[in-house]
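Below are the chains, spelled out letter by letter.
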There are 2 protein chains.
Amino acid sequence: MAAHDRAATGLQHAIIQTLRREGPQSRADLARRLGVNRNNLADPLAALTAAGFVHEPNLAASTGGRKARLVELNARAGFIAAVDLGATSLDAAVTDLQLHILAERSEPVDVAQGPTLMLERATQMVRALLADLGLTPDRLLGVGMGVPGPVDYRLGRTVSPPIMPGWNQFPIKDHLAEAFGCPAYVDNDVNIMALGEQFAGLGRGAESFIFVKLGTGIGAGIVLGGRIYRGSDGCAGDIGHMAVDGSDVLCRCGNVGCLEALAGGPGIARRARLAAEAGRAPRVASFLQEHDELTSVDVGHLAAQGDPGAVEVIRETGRLVGRVMASLVNVLNPSLVVIGGGVAQIGDVLLASIREAVYRRSLPLATRHLRIERSAVEPRAGVLGAAVMALDEVLSAEGLERSLRA
Amino acid sequence: MAAHDRAATGLQHAIIQTLRREGPQSRADLARRLGVNRNNLADPLAALTAAGFVHEPNLAASTGGRKARLVELNARAGFIAAVDLGATSLDAAVTDLQLHILAERSEPVDVAQGPTLMLERATQMVRALLADLGLTPDRLLGVGMGVPGPVDYRLGRTVSPPIMPGWNQFPIKDHLAEAFGCPAYVDNDVNIMALGEQFAGLGRGAESFIFVKLGTGIGAGIVLGGRIYRGSDGCAGDIGHMAVDGSDVLCRCGNVGCLEALAGGPGIARRARLAAEAGRAPRVASFLQEHDELTSVDVGHLAAQGDPGAVEVIRETGRLVGRVMASLVNVLNPSLVVIGGGVAQIGDVLLASIREAVYRRSLPLATRHLRIERSAVEPRAGVLGAAVMALDEVLSAEGLERSLRA
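Residues numbered from 1 in each chain as written. Chains lettered and ligands numbered in written order. Predicted model: local features only at pLDDT ≥ 70, side-chain atom pairs only at ≥ 80, totals over all residues. Heavy atoms only, no water.

### Things to note about the overall build of chain A
Test applied: Numbering of helices and strands runs from the N terminus, with a helix taken as a DSSP run of H or I at least four residues long and a strand as a DSSP run of E at least two residues long. We compute the radius of gyration from the C-alpha atoms alone; for a globule the expected value is 2.2 Å times N to the 0.38, where N is the number of residues. The rule is simple: take the accessible area with a 1.4 Å probe, protein chains only, and divide by the maximum for that residue type; under 20% is buried, over 50% is exposed, in between is partly exposed. The contact criterion used is simple: two residues touch if any of their non-hydrogen atoms lie within 4.5 Å. Shrake-Rupley sampling with a 1.4 Å probe provides the accessible areas, and residues are treated as covered by the protein chains on show and by no other component. Positive charges come from Lys and Arg, negative ones from Asp and Glu, while His and the chain ends are left out of the count. By convention, charge coordinates are those of NZ in Lys, CZ in Arg, CG in Asp, or CD in Glu.
In terms of helices and strands, chain A carries 15 helices and 16 strands. Taken over C-alpha atoms, the radius of gyration comes to 24 Å for chain A, in line with the 22 Å a tight globule of 406 residues would show. The burial tally for chain A puts 54% of its 406 residues in the buried class. In chain A, the proportion of contacts linking residues at least 24 apart, taken out of those at least 6 apart, comes to 60%. Here chain A displays about 17100 Å² of accessible surface, and carbon together with sulfur accounts for 49% of that area. Here chain A carries 40 positive and 43 negative side-chain charges, and the mean point of each set is 6 Å from the other.

Okay, here's the thing in structure tokens:
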């Protein structure tokens, strides 16, 4: 590519970024914002318009009688597919380029059924969503997916995921790109939840914050300086397998005493069953007589109804999570920790216990300005973040160059 | 300042940074490296030469008979004073602009004697070092200082330091700047130790690593993406006051069960005394009959001589430190943890116990590429880092602008 072309692509990218950040604006404003002469915008805008990324719809005549035309990102220039795979659930959505969710679906799954089957179901879900919207798959500009384990982001593969048997080193990114004929991007589910919160939730405008997912698995997505921090092997924030003192419960990862084994969804249900068997949780006991299954959210409901055993299980869960979260707080000194995931739906009793444990075990200085809040975008943090990740890549300088060349 | 001046300062700064990073080079090489025409270097080099920051000494005639002249940073253009205040020691050094330590001194102190007395002693030490070198204080371009507590870096003040009674909100930066008539910079002691290790030790070229100081106090300096990570209140990495389960030992910070209270220098000595009193540490007992004082390093020596009680105390120290360090590793997934500070001098038995505890309690993925090593620049990590911090500021774009205007 000639230097001239590279400069042109640079300006095109700057235009797109400005329109994403600041919304529609006149050519004059855009030129001023970018510090270039208005005439220099003609060529890059023509290229972006031809590719469909921007348009300048005619608006009603302004007071002066002249038509006011604004350059804006064409939200329908293409679409993004977003997939959030959890240990027991699969969520998918299709968004436009302004990240409005146009359609979404959710299914219960078991991630242990392995990558081929799971990715087949994810692909079918996305195709069904596109069909619902009357869109053909060639309208997709990118696919983003979150999975419940550590990911080598560049390669788009899972790396020794403790709770995803059969997935180690599976080329998810390549598989999805092949299935949809467009670029695909894969990350750890908690990282994409953090991205979703950063885009539309409590993390908006925050330099740094931590998203803690409490679900079947437990993990933390760390945003530092506006970006996901991954660590040297991609497993930064993997707090679910930190050891909780005095526990001998076997974890799915093969170790004993992991936080996740006690305070993840199945761990909560198991402890509530034990409380019922021991006669300390009468409401849990009657619930179990009527239902085959008991989820952590059920335990939360029974606690809210006053079952003493269920209350104790939820409080203990908060203490366990809070102790590990205090380590996060002492190490990173964040000003905001956001809590999401299915188990977080249990609500205030759990949140209060978590807060209490964090404040008790953290340095006073580290908690002086610390907020611990429930996610503002759940249950959509995952799919939203997967869409953010994919769109950021599609509209990156590299992504644009690829699109405009095509 | 006119746009033209700003551009000139920018080029001056780029010249200085290139010379710092890559060493002496010809004007032609420098121009090539900076992507400018050689003629554009004349003015900024003249200004930098006039201010004394660079020079072009005449070298011996090269083979062609023409004199080879290289532009280089003038190491003696000025000097940096570096001070490292610990809980019980005060180290000071004077360096040139290539960060060679020209003179250094060390004194035992008690940080609890308060800021006025401590800063007076630090100032006297630096003046004495300058006098030893035949330098007047006006040759100082900057002063850097580390203190054993959280610091608001911008203001240069301590913020609620747990082990520095009387220091809260003390304007250290202003005090030093006033005393020496040059800019001063203050940070937490562990952060500057990390800078020292990054400049000349195992952290050289590392994108990210953690420096753990084991001394009277315990803390971690976190380098992410090449820079010190401070957190929202400046107390990121303050692991010394993380709670150790089952301990009821009172810490100087006022809390109970802090890591530092058990595994800091005084905690180690106290536990060894208890072992001697209980008859489990015969060599410690005879040492105490002959000496008034027992330090953690003495305990290390007695362990090396085979005292079973001393060995157990050192091993337990390693286990305690390792457990907390495992949290650091699980949260941040670093590839390198460097251990320094006075207690780290105990050596291999301690290091082996730390490693064992970290590997046992961390995720396998997080320890796959993890190195845990003793510092390569101790006992000078602190003063070296304080000098690095001050020099980085003095030679920053802002610092240069100030110097060249003066």
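### Details of unusual backbone geometry
Residue Pro379(A) is bonded to the preceding Glu378(A) through a cis peptide linkage, with omega at 5°. In this fold, Pro379(A) is placed in the loop between β16 (371-374) and α14 (381-394). In this structure, Leu99(A) is a non-glycine residue whose phi angle is positive, near 65°. For Leu99(A), a relative accessible area of 6% puts it in the buried group. Its identity as a non-glycine residue notwithstanding, Ser160(B) has a phi of 40°, on the positive side. As for its placement among the helices and strands, Ser160(B) is situated in the loop between β10 (157-158) and α5 (172-180).

### Comments concerning the packing of aromatic side chains
All names here are of chain A. Counted only if it meets this: Aromatic pairing here means that ring centres of Phe, Tyr or Trp (its six-membered ring) are within 6.5 Å. Orientation follows from the plane angle: under 30 degrees is stacked, over 60 is edge-to-face, and everything else is tilted. Consider the ring centre and the ring normal. A charge sits over the ring if Lys NZ or Arg CZ is within 6 Å of that centre and within 35 degrees of that normal.
A complete count under the given rule lists 2 aromatic pairs over all chains for this structure. Here the aromatic rings of Trp167 and Phe170 are separated by 6.4 Å at their centres, their planes lie at 70°, and the arrangement is edge-to-face. With a relative accessible area of 0%, Trp167 lands in the buried category. Lying over the aromatic face of Tyr153, Arg230 brings its terminal NZ or CZ to 4.3 Å of the ring centre.

### Quick notes on the sheet that holds strand β8 (residues 140-147) of chain B
Residue and element names in this part refer to chain B. Spelled out, the test is: Here the rule is simple: two strands pair whenever DSSP picks up at least two bridges between them. To get an axis, a line is fitted to the C-alpha atoms, and for a helix only the part in contact is used. The angle between two axes follows their N-to-C directions and goes from 0 to 180 degrees.
Reading across from one edge, β7-β6-β5-β8-β11 is the order of the 5 strands in this open sheet, with mixed pairing throughout. Only two strands of the sheet have a single partner each, and these edge strands are β7 (101-108) and β11 (184-188). Neighbour-to-neighbour, the strand axes of this sheet turn through a mean angle of 15°, independent of strand direction. Pairing of β8 with β11, which is carried by 5 bridges, proceeds in the parallel orientation. Pairing of Gly144 across the sheet is with Tyr185, part of β11. Running at roughly 135° to strand β5 (residues 79-85), helix α14 (residues 381-394) makes contact with β5, β6 (89-95), β7, β8 and β11 of the sheet.

### Remarks on the relation of the copies chain B and chain A
How we decide: All copies are superposed by least squares; the fitting set is the C-alpha atoms of residues with a pLDDT of at least 70 in both.
Note on the copies: chain B fits chain A at an RMSD of 0.1 Å, the axial shift is 0.1 Å, and the rotation between them is 180°. Each copy turns onto its partner about a two-fold axis. Among all residues of chain B, the minimum C-alpha distance to the rotation axis is found for Ser327(B), at 3.2 Å. A share of 100% of interface residues in chain B that are also interface residues in chain A marks the association as one of identical surfaces.

### A look at the environment of Asp152(B)
Residues and elements named next belong to chain B. You can see Asp152 is positioned in strand β9 (residues 151-152). Assessed through its relative accessible area of 29%, Asp152 is described here as partly exposed. Along the primary structure Asp152 and Cys235 are separated by 83 residues, whereas in three dimensions their C-alpha atoms are 9.2 Å apart. Not counting chain neighbours up to four residues away, the residues in contact with Asp152 comprise Arg157 and Val159.

### Things to note about the sheet that holds strand β7 (residues 101-108) of chain A
All names here are of chain A. Here we have 5 strands laid out as an open sheet, ordered β7-β6-β5-β8-β11, and mixed in their pairing. A single partner strand is all that each edge strand has here, and the edge strands are β7 and β11 (184-188). Here the strands of the sheet are splayed against their neighbours by 15° on average, with no regard to which way each runs. Relative to strand β6 (residues 89-95), strand β5 (residues 79-85) runs antiparallel, the two being bridged by 6 bridges. In the strand pairing of β6, Asp84 is matched with Asp91. The strands touched by α14 are β5, β6, β7, β8 (140-147) and β11; relative to β5, the strand with the most contacts, the crossing angle is about 135°.

### Re α14(B)
Residue and element names in this part refer to chain B. Applied cut-off: The span you would expect from a helix comes to 1.5 Å times its residue count less one.
Between its terminal C-alpha atoms α14 stretches 20 Å, which fits the 20 Å expected from 14 residues at 1.5 Å a residue. The element α14 is largely enclosed, with a buried count of 12 among its 14 residues. Where α14 is concerned, the buried positions are Ala381, Gly382, Val383, Leu384, Gly385, Ala386, Ala387, Val388, Met389, Ala390, Leu391 and Val394.

### Quick word on the interface of chain B and chain A
For the record, the criterion: Two parts lose some accessible area (1.4 Å probe) when they are put together, and adding that loss for both gives the buried area. Should a side-chain nitrogen of Lys or Arg be within 4 Å of a carboxyl oxygen of Asp or Glu, the pair is scored as a salt bridge. Only Asp, Glu, Lys and Arg are considered charged, only Ala, Val, Leu, Ile, Met, Phe, Trp, Tyr, Cys and Pro nonpolar, and every remaining residue, Gly among them, polar.
Chain B puts 36 residues into the contact, and the matching count from chain A is 36 residues. Buried surface at the junction of chain B and chain A, both sides included, amounts to about 2900 Å², of which 55% is carbon and sulfur. It is Val331(B), Asn333(B) and Leu365(B) in chain B that bury the most area against chain A; as a group they hold 22% of the surface buried on that side. For the interface between chain B and chain A, the tally reads 2 salt bridges. Put simply, the parts of the chain that give the side of chain B that touches chain A at least two residues each are β13 (218-224), α11 (308-332) and α13 (364-367) of chain B. Here the element with the most residues in the side of chain B that touches chain A is α11(B); it accounts for 6 residues. Of the residues in the side of chain B that touches chain A, the class split is 17 nonpolar, 12 polar and 7 charged.

### A closer look at the domain arrangement of chain A
Heads up, the condition is: Domain extents, as shown, originate in an automatic or database domain assignment.
Its domain assignment divides chain A into domain 1 (3-73), domain 2 (79-196 + 382-405) and domain 3 (202-376). If you average the C-alpha positions of domain 1 of chain A and of domain 3 of chain A, the two centres end up 47 Å apart.

### Overview of the pattern of salt bridges
Residues and elements named next belong to chain A. Under the criterion given, the structure shown has 34 salt bridges over all chains. Here Arg32 makes a salt bridge to Asp29, at a shortest N to O gap of 2.4 Å. Of this pair, Arg32 and Asp29 both sit in helix α2 (residues 27-34), separated by 3 residues, roughly a single helical turn. Given a relative accessible area of 61%, Arg32 falls into the exposed group. The closest approach of N and O atoms between Arg121 and Glu107, which form a salt bridge, is 2.3 Å. Residue Arg121 is located in helix α4 (residues 115-132), and its partner Glu107 is located in strand β7; the two are separated by 14 residues in the primary sequence. Several salt bridges share partner residues, and in doing so they unite Arg21, Glu22 and Arg33 into one network.

### Looking at the layout of surface pockets
Empty space left among the atoms is revealed by rolling a probe the size of a water molecule over them. Residues and elements named next belong to chain B. Inclusion rule: Grid spacing is 1 Å over the protein atoms alone, the probe is 1.4 Å, and a cavity is where that probe fits but cannot get out, while a pocket is an open set with protein on both sides within 12 Å along at least five of seven lines and lining residues have an atom within 4 Å of a point. Grid points are joined across faces, edges and corners, and a volume is the space filled by probe spheres set on the points.
Estimates place the volume of the second largest pocket at around 970 Å³. Forming the walls of the second largest pocket are 30 residues, and the residues nearest its centre are Gln17, Arg20, Gln198, Val388 and Asp392. When contributions to the lining of the second largest pocket are tallied by element, the ones reaching two or more residues are α1 (3-22), β4 (72-73), α6 (189-200), β14 (227-229) and α14. In terms of residues, the lining of the second largest pocket owes the most to one element, α14, which gives 5 residues. Tallied by class, the residues present in the lining of the second largest pocket amount to 13 nonpolar, 8 polar and 9 charged.

### Things to note about the side chain of Ser247(B)
Residues and elements named next belong to chain B. Convention followed: We call two N or O atoms a polar contact when they sit within 3.5 Å, provided that within protein one can donate a hydrogen and the other can accept it, with sequence-adjacent residues counted only if both atoms are side-chain atoms.
Along the chain, the position of Ser247 falls in the loop between β14 and α7 (259-263). Of note is the side chain of Ser247, whose polar atom sits 3.2 Å from the backbone nitrogen of Val249. Every residue in contact with Ser247, bar those within four places of it in the chain, is listed here: Val256, Gly257 and Leu262.

### Remarks on empty space enclosed by the protein
Following the criterion strictly, the structure yields 3 cavities of 30 Å³ or more and no others. The calculated volume of the largest cavity comes to roughly 370 Å³. Listing elements by their share of the lining of the largest cavity, those giving two or more residues are α11 (308-332) of chain A together with α11 of chain B. When the residues that make up the lining of the largest cavity are grouped by side-chain class, the tally is 12 nonpolar, 4 polar and 6 charged.

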